Amino acid sequence: MNRRPGFLVYGLLTAFVLGSCAPLYWSFLVGSHSRDVLTKRVPPLLPGGHFWDNAQRAFDAVPFWKALGNSLIVSGTVATSVVFFSTLAGFAFAKLAFRGRTPLLVFLVATLAVPTQLGVIPLFIVMAKLGWVGSLWALIVPGMVTAFGVFFMRQYLVDAIPDELIDAARVDGCNLFRTFWNVAVPAARPAAGILWLFTFMATWTDFFWPLIVLPASNPTVQIALQQLQSGYYVDYSLVLAGATVATVPLLVLFVLTGRQLVAGIMQGAVKG
Amino acid sequence: MSTKTEQPVGDASVTVASPTGGRPGGGRAPWRQRLALLDVKVTPYVFVSPFFLLFLLVGMFPLAYTAWVSVHDWGLLSGQGDFSGLENYRRVLEDRYFWNALRNTFSIFVLSSVPQVLIALVLAGLLDTQLRGRTLWRMSILIPFVVAPAAVALIFGNVFGDRYGLVNEALQGIGLDPIRWHVDALASHVAIASMVNWRWTGYNALIFLAAMQAVPRDLYESAALDGAGRVRQFLSITIPTIRPTLIFVVITSTIGGLQIFAEPRLFDTQGLGGSDRQYQTLTMYLWELGWRVRDLGMASAVAWLLFLIIVLFAGFNLWVSRRTGALRGGAR
């Protein structure tokens, strides 16, 4: 609606944004006080000075550094691999002629609706056979390319590359690999960045599959968080300090790339 | 070859092939040309093959293999046992915890998706105005999306604590009774649904916003001339126009919502869905059967049942959305 918003609109939006930030702030608040803060009737509004102590205790309780490293390795590798293979296949689907292209594309779109989570049991059996249970390979290899990624890149590249450019490359004697590298990859860059971000975040926040295949000694960040909470007595200043630390990497990524994330969600909506 | 630029790329192979491939005896072509032909014919398959190979390995094969496992005795450690027909399905369907998990999943799903879509629509309507600093507003509502479900669950588990939780303290502060969030089934479902709502509402609002911005502005102008107020315009123009997006969001949230796991799993320390499984969802039930009870056969039966339920539900959603859309479309 194309009108100047009034006080009411700004008021409602402000309330919503405050609600969006409040749980994170609460996490930091509890994580920065000593553990008796929760027994107080009126909680403090300002952070206390115990955050580093609490975070240190969280790092001592579970292999948190290792978890951060694992999450970075897995998410970074998976995101990079998804972008590469999706651009490759997306380019072929968007711009190259080959027998069976349309049926294969239809099949690809159909697989978008199949929740891969339901295949965890055979996938676990396969990983056990390969001897990968407990290692990061079990997280990396199954995620290396996704139907969503291929479809996303295909939708972008259909409009982004003029057909003439590919023909010109062919006339100049480029084979398809060189055409891919010199024409498709530069053109795909904006979409590739968005796909990388979303894949990285989805992999980073995944919980179900890492819980199944990783042991307590070799966790990702999400599994480390789960370990922080196990046991009968929960020390919330420790747990929430851990939850805050675990959120910082994605928060940093968000501050750096929030614009692209917003653009990516809004573009995906129009195309999907 | 000079006609090449006029040809659509879809026919590139034909163009290259035509000097030789059009008639028998194309083998006389120089090897360079044959290599080019090979490149055009084969390379596309090389490009798309990594996806299909991996999908066969981690998508298609597991789905089929789940069916195979589900008709056998199959222990986590002992591996494949005897063929058992539909025995696993019978045991699952006779287990009261399966029905319990199904009920809980639906309850949490409804409590999370309905308010989420409604609030996201309103929020998108608020954002679809000439705001100052619009990028900043859009980014701000996306903040919850960067908090992982596991962290969300820990934070909300604390906020909804039975004894010292923030919500209960606030309730008592205004003279109400505290709610036993981790004990009462419905209360726990509300708490878990609020985690999902918190994380996803802003994300969905941005999807709706994108669709709303594509609504032709002159529709609003003529409606305003006819005397329609803002709310009326929103209900009669905006919502019907963005209906395809609405259906998209409802279906994706169905597929995601029915598989909810991390939030209820981490709502307490035991991870089994409460003392009487009052918030155990289907995916948690699957996990418990597979990796606690260590019966992969039964767990596979649950996986297939869950798959069928999701397909049914997504189809049902689509059907309802289409029907209501058709009715409204007729009135438009």
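Residues numbered from 1 in each chain as written. Chains lettered and ligands numbered in written order. Predicted model: local features only at pLDDT ≥ 70, side-chain atom pairs only at ≥ 80, totals over all residues.

**A look at the pairing of strand β1 (residues 72-75) of chain B**
All names here are of chain B.
Item 1. In this sheet, strand β2 (residues 79-83) lies alongside β1 in antiparallel orientation, the contact comprising 3 bridges. Across the sheet, residue G75 finds its bridge partner in β2, namely G79.
Item 2. Connecting β1 to the next strand, β2, in antiparallel fashion are 3 residues. (Pairing = 2+ DSSP bridges. Helix = DSSP H or I, 4+ residues; strand = E, 2+ residues; numbered from the N terminus.)

**A word on the interface of chain B and chain A**
Item 1. Taken together, the contacts link 86 residues of chain B with 88 residues of chain A.
Item 2. Per-element accounting of the side of chain B that touches chain A gives the leading share, 18 residues, to helix α2 (residues 31-70) of chain B.
Item 3. Residue composition of the side of chain B that touches chain A, grouped by class: 59 nonpolar, 19 polar and 8 charged. (Contact = placed C-beta atoms within 7 Å. Nonpolar A, V, L, I, M, F, W, Y, C, P; charged D, E, K, R; others polar.)

**Structural notes on the packing of helix α11 (residues 221-229) of chain A against helix α6 (residues 149-159) of chain B**
Each pair of packed helices gets described by two things: the angle between the helix axes and the distance between those axes.
Item 1. At their nearest, the axes of α11(A) and α6(B) sit 9 Å apart, and the two run at 25° to each other. Comparing the axis directions of α11(A) and α6(B) gives the class roughly parallel. Taking contact as the criterion, the partners of A:Q222, A:L225, A:Q226 and A:Q229 in α11(A) are, on α6(B), B:A150, B:A151 and B:L154.
Item 2. Each residue belonging to the contact of α11(A) with α6(B) can be placed in one class, and the counts come to 4 nonpolar, 3 polar and no charged. (Axes fitted to C-alpha atoms, helices over the stretch in contact; angles between N-to-C directions. Parallel < 35°, antiparallel > 145°, perpendicular 65-115°, else oblique.)

**Observations regarding the nonpolar core**
Generally speaking, a soluble globular protein has its nonpolar side chains buried in company with each other.
Item 1. Ranked by size, the top nonpolar core spans 155 residues in total, and within it A:L195, B:A151, B:L154, B:F208 and B:V302 carry the most contacts.
Item 2. Ranked by the residues each element gives to this core, the list is headed by helix α9 (residues 176-205) of chain A, at 16 residues.
Item 3. Formed jointly, this core draws a minimum of three residues from each of two domains, domain 1 (4-70) and domain 2 (89-331) of chain B.
Item 4. With residues near it in sequence (within four places) discarded, B:L154 still touches A:L225, A:Q229, A:V239, A:L240, A:A243 and B:L266. (Core = buried A, V, L, I, M, F, W, Y, C linked by C-beta atoms within 7 Å. Buried ≥ 20, exposed ≤ 12 C-beta atoms within 10 Å, placed from the backbone. Domains from an automatic or database assignment.)

**Observations regarding the UniProt feature "transmembrane region" (unreviewed entry) in chain B**
Residues and elements named next belong to chain B.
Item 1. The UniProt record marks residues 42-68, 106-127, 139-160, 241-262 and 296-320 with the feature "transmembrane region" (unreviewed entry), using the residue numbering of this structure.
Item 2. For residues 139-160, the end-to-end C-alpha separation is 27 Å, with 59% helix and 0% strand making up the annotated structure.
Item 3. Secondary structure content for residues 296-320 is 100% helix and 0% strand, while the C-alpha to C-alpha distance between its ends is 36 Å. (UniProt positions renumbered as here; feature names shortened; annotations may be inferred.)

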